[in-house]
Amino acid sequence: MTDLTTVSADEPFPGHIYLDAMAFGLGMSCLQVTFSTKNLSHARYLHDQLHVMSPIFLALTAGTPFHKGKVADWDARWKVLEGSLDDRKDEERDPKNSKYLHTPRYSAMQCYVSEGEFNKEKFNDQDLNLPTEIVEEIKRASSEMNIPIDDALKRHLANLFKRDMIIVHDKFLDMEEDDNVLFELLNGTNWNSVRLKIPINDDIGWRVEFRTMEIMLTADENAAFSLIIHLITRAMTYFQDLNFLMPISLVNENFERAHANDALRTKKFYWRTNVIGNEEAVIDQLSIHEILFGKGSYKGLFNLMEERIEVNEQTVGLIKSLKTLLEKLTTGKKLTLAQYMRKFIMGHPEYKRDSILPKKVMDDLMLHLHEISSGKVSDENFGKVFDF
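Residues numbered from 1 in each chain as written. Predicted model: local features only at pLDDT ≥ 70, side-chain atom pairs only at ≥ 80, totals over all residues. Heavy atoms only, no water.

Trainee: Sorry, what's going on with the pairing of strand β1 (residues 33–36) here?
Mentor: It is a general feature of regular strands that their side chains alternate between the two faces of the sheet. Here β1 shows one buried face, formed by Val33 and Phe35, and one open face, formed by Thr34 and Ser36. Bridge analysis of β1 against strand β7 (residues 207–210) gives four bridges, and the strand direction is antiparallel. Paired with phenylalanine 35 across the bridge in β7 is valine 208. (Buried < 20%, exposed > 50% of the residue type's maximum accessible area, 1.4 Å probe, protein only. Helix = DSSP H or I, 4+ residues; strand = E, 2+ residues; numbered from the N terminus. Pairing = 2+ DSSP bridges.)

Below, the structure is given as structure tokens:
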């Protein structure tokens, strides 16, 4: 294709990039981190707190500005995944229909699940349109098996079970009643920003999966972002007094903003600034630099983490390296992978600034990125992260 205005079988919608297969989404790479937790209550707490952070880390790691040889106006992959795995029927897409589903099965998490006062009902302000028969069946089953399930967990389970099972096999007919495979298949095909994972056996208990980060170009960067979110969960675990919860609708808006071209430096995001305890939420719009390092009386997520974990001779160099990486990214001294790739093609002599990427441009970009990733070429933007 040589322009963005011609209608064709490949591009039936001028001005858009037509991604009409599941592989356009599931063919992407990402950086997911799974955390073991102490128990179900701890897992539910981390699940909710991490969800609020998920669009922020999507913007921090943005690295998907091109699709099908064309330049998109998004820097991140998440909404492409949502679209490529949207299996809703026509009636489920219609807001006026009683079977309407607000989001695809791949989407930002849609309801908080934690116990206690942090999870206020008013924060769950997205209409889930839960089928009454599913809610009643969960109540009946929990009563029959004498397993108490609170309202927040009932809502979470009903929101999973309202989806169709997309993997079906005749061997399912012979399964034991207590076999977890069917639930795992359903839970595993509801792809959300965070996932609450049930125990597999006595050795592997409740877990929480953090799912929004994009894959980075170097091993150092992948290790760094895995460590950053790990240290944040450790800081939250010690006291469980950190409370970032705010209305789900505002987190959804943050997801929209996180996709924008250079969202890391150009967008502000809704963020709770009184994050210790359970006072009425004070919500501001902050840059990601302010979210991490503070503004006014709000100390910043990274600084709060640093206060709450044990910093010793072995970890002081690690914390310093991670802080330097985040400061460089949020102040523009280091480009996200998406912005770096945009800069590369803008400087390529064969790119005509028409949003069409010639094969020569794509080949040169891929070779250049491979050489950086493999260590054959040094680039200041992807320098060594850990200096200890």
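Trainee: Please clarify how the packing of helix α2 (residues 40–60) against helix α8 (residues 219–239) should be interpreted in this entry.
Mentor: Angle between the axes and distance between the axes are the two parameters that describe a pair of packed helices. Contact pair α2 / α8: the axes reach a minimum separation of 11 Å and the direction vectors enclose 145°. The chirality of how α2 crosses α8 is right-handed. In this structure, α2 uses His42, Tyr45, Leu46, Gln49, Leu50, Met53, Phe57 and Leu60 to contact α8, whose residues at the interface are Phe225, Ile228, Ile229, Ile232, Thr233, Met236 and Thr237. Along the lines of polarity and charge, the residues of the contact of α2 with α8 split into eleven nonpolar, four polar and no charged. (Axes fitted to C-alpha atoms, helices over the stretch in contact; angles between N-to-C directions. Left-handed = near helix turned anticlockwise from the far one by under 90°. Contact = heavy atoms within 4.5 Å. Nonpolar A, V, L, I, M, F, W, Y, C, P; charged D, E, K, R; others polar.)

Trainee: It is not clear to me how the nonpolar core should be interpreted in this structure. Could you clarify?
Mentor: Note on soluble globular proteins: their nonpolar side chains tend to be buried together. By size, the foremost hydrophobic cluster in this structure holds 87 residues, and its most contacted members are Phe57, Leu60, Phe225 and Phe244. If one sorts the elements of this core by residue count, α2 sits on top with eleven residues. Every residue in contact with phenylalanine 244, bar those within four places of it in the chain, is listed here: Gln49, Val52, Met53, Met236, Trp271, Arg272, Val275, Tyr298 and Leu301. Judged by nonpolar contacts, the second largest core, of 15 residues, contains Leu335, Tyr351, Leu357 and Leu369. (Core = buried A, V, L, I, M, F, W, Y, C linked by side-chain atoms within 4.5 Å.)

Trainee: What is the right way to read the packing of aromatic side chains from this model?
Mentor: The relation between two aromatic rings is expressed through the spacing of the ring centres and the mutual angle of the planes. Tallied over the full model, the rule gives nine aromatic pairs. For the pair phenylalanine 293 and phenylalanine 302, a centre-to-centre distance of 5.9 Å together with 50° between the ring planes defines the contact as tilted. For phenylalanine 302, a relative accessible area of 2% corresponds to the buried category. Taken together through their ring pairs, the aromatic side chains of Trp78, Tyr106, Trp191 and Phe255 make up a single cluster. (Phe/Tyr/Trp six-rings, centres within 6.5 Å; stacked < 30°, edge-to-face > 60°.)

Trainee: Even after reading the chapter, I still don't get the side chain of glutamate 209, so can you show me in this structure?
Mentor: With respect to the helices, strands and loops of the structure, glutamate 209 is situated in strand β7. A polar contact of 3.0 Å, which involves the side chain of glutamate 209, links it to the side chain of arginine 211. If we ignore the near neighbours within four places in the chain, the residues touching glutamate 209 are Gln32, Val33, Thr34, Ser193, Val194, Arg195 and Lys197. (Polar contact = N/O pair within 3.5 Å; in protein donor to acceptor, adjacent residues only side chain to side chain.)

Trainee: Honestly, the environment of valine 135 in this entry has me stumped. Any pointers?
Mentor: Considering the arrangement of structural elements, one finds valine 135 in helix α5 (residues 132–144). Put simply, valine 135 and glutamine 285 are 150 residues apart on the chain and 36 Å apart in space, counted from C-alpha to C-alpha. Residue contacts for valine 135: discarding those within four places in its chain leaves Leu130 and Ala158.

Trainee: I tried to follow the sheet that holds β1 on my own but got confused; where do I start?
Mentor: Hydrogen bonding along the main chain pairs the strands of a sheet, whether they run parallel or antiparallel. Across the sheet, which stays open at both edges, the three strands sit in the order β1-β7-β6 with antiparallel pairing between neighbours. Each having just a single partner strand, β1 and β6 (194–197) make up the two edges of the open sheet. Geometrically, the sheet is characterised by an average inter-axis angle of 20° between neighbouring strands, direction not taken into account.

Trainee: When you look at the pattern of salt bridges in this model, what are you seeing that I'm missing?
Mentor: Between side chains of opposite charge, pairing is possible as soon as their charged atoms come close. Evaluation of the coordinates by the stated rule reveals 30 salt bridges. The salt bridge involving arginine 155 is made with glutamate 121; its shortest N-O contact spans 2.9 Å. Separated by 34 residues along the polypeptide, arginine 155 in helix α6 (residues 151–161) and glutamate 121 in the loop between β4 (106–107) and α5 bring together distant segments of the chain. Since its relative accessible area comes to 15%, arginine 155 is described here as buried. Notably, a salt bridge pairs glutamate 253 with arginine 257, separated by 2.9 Å at the nearest N-O pair. A residue pair is termed a helical-turn pair when its members lie 3 or 4 positions apart in one helix, as glutamate 253 and arginine 257 do in helix α9 (residues 248–258) at four residues. With a relative accessible area of 31%, glutamate 253 lands in the partly exposed category. Assessed through its relative accessible area of 17%, arginine 257 is described here as buried. A single network of salt bridges, built from pairs that share partners, joins Arg195, Lys197, Glu209 and Arg211. (Salt bridge = Lys/Arg side-chain N within 4 Å of Asp/Glu carboxyl O.)

Trainee: It is not clear to me how α8 should be interpreted in this structure. Could you clarify?
Mentor: Think of an α-helix as turning once every 3.6 residues; residues three or four places apart then point the same way. Relative to the 30 Å expected for 21 residues at 1.5 Å per residue, α8 spans 32 Å between its end C-alpha atoms, a close match to the ideal helical length. Regarding α8, the residues found buried are Glu221, Asn222, Ala224, Phe225, Ile228, Ile229, Leu231, Ile232, Thr233, Ala235, Met236 and Thr237. Contacts made by the buried residues of α8 are with β1, α2, β7, α12 (301–308) and α13 (316–331). Glutamine 240, located one to two residues past α8, shows a positive phi value of around 50°. (Expected span 1.5 Å × (residues − 1).)

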